[in-house]
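Descriptive structure summary
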Amino acid sequence: MSSFIEKDLFPLSTELRPDGSITIAGSSLKKLAKDFGSPLYLYDSETIRANIQKLKNAFSTFYPGNFAIAYASKAYLSRKFAEKIAKQDIELDVVSMAELLIALKAGFSPKQIHFHGNNKTTEEIQKAIDCNIHALVIDNMDELLYAEKIAASKNKCVKIWLRITPDIHVKTHPHIETSAAESKFGFHVTTGEAKAGIQYALKSHFFELTGLHCHLGSQIFDPLPYRITIQMLYDLASECGYVPSELSPGGGWGVPYSTEDPVADPNDWIEHISSAVIEQCRQKQMPLPKIVIEPGRWLVAKAGVSIYQIGSQKSTPNGLRIIAINGGMSDNPRNALYQAKYTAVINGKIASNEVFPSRIVGKFCESGDTLIDQVYLPEAERDDLLIIPVSGAYQLSMASNYNLAPRPAVLWLESGGIYELLQYRENPEESSWWA
Ligand SMILES: Cc1ncc(COP(=O)(O)O)c(C=O)c1O
Ligand SMILES: N[C@@H](CCCC[NH3+])C(=O)O
């Protein structure tokens, strides 16, 4: 456990009791699992607030212009979670009608919201226009022309950004890279579509092109591709005689999931983004834009912890120790999708010295339903609680009802043992499949 704490994998308010059990924000995980059942997801409020503050401080240190932190809500969103985040004076990136409606309901002003997506529906474009969101982020030429028709039918001038794809590779899993020439996202630079899009948007009576955006991908630990992209965006803008008042280099900064993963300081990210923008503006004699970053994972991954109950255990003929838990790919498909690596501990047995290589598998009817390929754990018994840290991003937001599994409950933890239900456990007897 101490190595996990050193490596910064658990939420800030995590404490280890002398009996080897864990509390977060003063709440015992054993008690929470008893009261709310498992699988159970928890978010530590202190970690989220500290992460937001860290990014704000970094901008205050490195960037003399305006900036905004926009939480990429696809990482995890529910109405109550959105209400908590709305109080932190940040903006929000949404990609669907439901995310937009929740954001508005939770108290985000439309002026704090920008709407992404490579294939927005007519209703989504209409709704975004009707509520005057901060920016409709147009993904491609086809969408630019379609959104213009909708804006014209409403006789409105809509604030837009264009999502530009630089056609470069970044080091991450191919499924979460969005910057390459093969990407389905954005106006590609090398085909000339990006330049044509900017020129078209600048001429249209129905658009105000307030900014350019690029999102390179996710789980990125190197600031260099951000620098290259910012230069590319400014070269493009300058070729088109365009001066962006906002510039969004997206999100994507990575987090460690296990003690073997790199730890990358987001200060480096913000410092590089800031200095690249300052350098480009100086070279091109343009005023500094408002920089809008869109972190999802970096803001919430480490704040989240998932708790499971251990069930069957077995050894395979080749000596592999398998521990099955009462969740799996339905609440966390990341190993199945990206071979994502995690670590885990057994609550109450953290101090044990004797550990064995173990594979953590779920309860679903797929051989790929593995949560952790290999982790060293002590002897475990049925009903022991397995705790997986860094569970706050892209687990529940990608959860499914495979095998008609109900989605788990989610709690928000405040210090002093205070907690609030963000999302209740689905009731398998009241789900839509009974219709
Ligand atoms: C447009 C856009 N912005 C921001 C993000 C957030 O990425 P991350 O959670 O890696 O910060 C994503 C997801 O990759 C995205 O598609
Ligand atoms: N879902 C991915 C991240 C993709 C982010 C959205 N473009 C993950 O779990 O790592």
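This structure is a prediction, so every number in the text was calculated from the model and none was measured.

**Quick look at the overall build of the chain**
- Regarding its fold elements, the chain presents 12 helices and 21 strands.
- In summary, the chain has a C-alpha radius of gyration of 23 Å against a globular reference of 22 Å for 435 residues, a match within 12%.
- With the C-alpha coordinates of the chain rotated into their principal frame, the extents come out at 70 × 50 × 45 Å.
- When each of the 435 residues of the chain is scored for burial, the buried share is 57%.
- Summed over all atoms, the accessible surface of the chain reaches about 18300 Å², with 51% contributed by carbon and sulfur.

**Some details on the UniProt feature "modified residue: N6-(pyridoxal phosphate)lysine" (unreviewed entry) in the chain**
- The UniProt feature table records "modified residue: N6-(pyridoxal phosphate)lysine" (unreviewed entry) at K74.
- The partly exposed category is assigned to K74, whose relative accessible area is 28%.
- For K74, the contacting residues outside a window of four places in its chain are D93, V95, E99, Y394 and S397.

**Observations concerning the site of ligand 1**
- Neighbouring ligand 1 are 15 residues, the closest being H215, S218, E294, R297 and Y394.
- Between ligand 1 and K74 there is a distance of 3.2 Å, counted from an oxygen atom to a side-chain nitrogen or oxygen.
- Within the side chain of D93, a nitrogen or oxygen atom sits 3.3 Å from a nitrogen atom of ligand 1.
- In isolation ligand 1 has 390 Å² of accessible area, and contact with the protein removes 92% of it.

**Here's the deal with the sheet that holds strand β2 (residues 22–24)**
- Read from one edge of the open sheet, three strands run β1-β2-β3, paired in antiparallel fashion. At either end of the open sheet lies a strand with only one pairing partner, and these are β1 (14–16) and β3 (27–28).
- The sheet contact formed by β2 and β3 spans two bridges and is antiparallel. Residue pairing in the sheet places I24 in a bridge with S27 of β3.

**What to know about the side chain of D139**
- Note that D139 resides in the loop between β8 (135–138) and α7 (141–153).
- Of the side chains with opposite charge, R163 lies nearest to the buried D139, which makes no salt bridge, at 4.7 Å.
- Engagement of the side chain of D139 in a polar contact is seen with the backbone nitrogen of G186, the distance being 2.8 Å.
- Contact partners of D139, with chain neighbours within four places excluded, come to G117, N118, K120, R163, K184, F185, G186 and F187.

**Topic: the site of ligand 2**
- As a structural note, the neighbourhood of ligand 2 is formed by K74, I176, S218, R297, R334, Y338, Y394 and M398.
- For ligand 2, an oxygen atom lies 2.7 Å from a polar atom in the side chain of R297.
- Note that an oxygen atom of ligand 2 is positioned 2.6 Å from one of the side-chain N or O atoms of R334.
- Computed on the free molecule, ligand 2 has an accessible area of 320 Å², of which 83% lies beneath the protein chains in the complex.
- Of the residues contributing to the shell around ligand 2, the split by class is four nonpolar, one polar and three charged.

**What about the pairing of strand β4 (residues 40–44)?**
- Burial runs high along β4: five of the five residues are buried.
- Of the two faces of β4, the one carrying L40, L42 and D44 and the one carrying Y41 and Y43 are both buried.
- Pairing of β4 with strand β14 (residues 304–315), which is carried by four bridges, proceeds in the antiparallel orientation. Each residue of the ladder has a partner; that of L40, found in β14, is I307.

Criteria and thresholds
Residues numbered from 1 in each chain as written. Chains lettered and ligands numbered in written order. Predicted model: local features only at pLDDT ≥ 70, side-chain atom pairs only at ≥ 80, totals over all residues. Heavy atoms only, no water. Helix = DSSP H or I, 4+ residues; strand = E, 2+ residues; numbered from the N terminus. Rg over C-alpha atoms; globule rule 2.2 N^0.38 Å. Buried < 20%, exposed > 50% of the residue type's maximum accessible area, 1.4 Å probe, protein only. Areas by Shrake-Rupley, 256 points an atom, 1.4 Å probe, with all protein chains shown as cover. UniProt positions renumbered as here; feature names shortened; annotations may be inferred. Contact = heavy atoms within 4.5 Å. Near = heavy atom within 4 Å. Polar contact = N/O pair within 3.5 Å; in protein donor to acceptor, adjacent residues only side chain to side chain. Pairing = 2+ DSSP bridges. Lys, Arg positive; Asp, Glu negative; His and termini not counted. Salt bridge = Lys/Arg side-chain N within 4 Å of Asp/Glu carboxyl O. Nonpolar A, V, L, I, M, F, W, Y, C, P; charged D, E, K, R; others polar.

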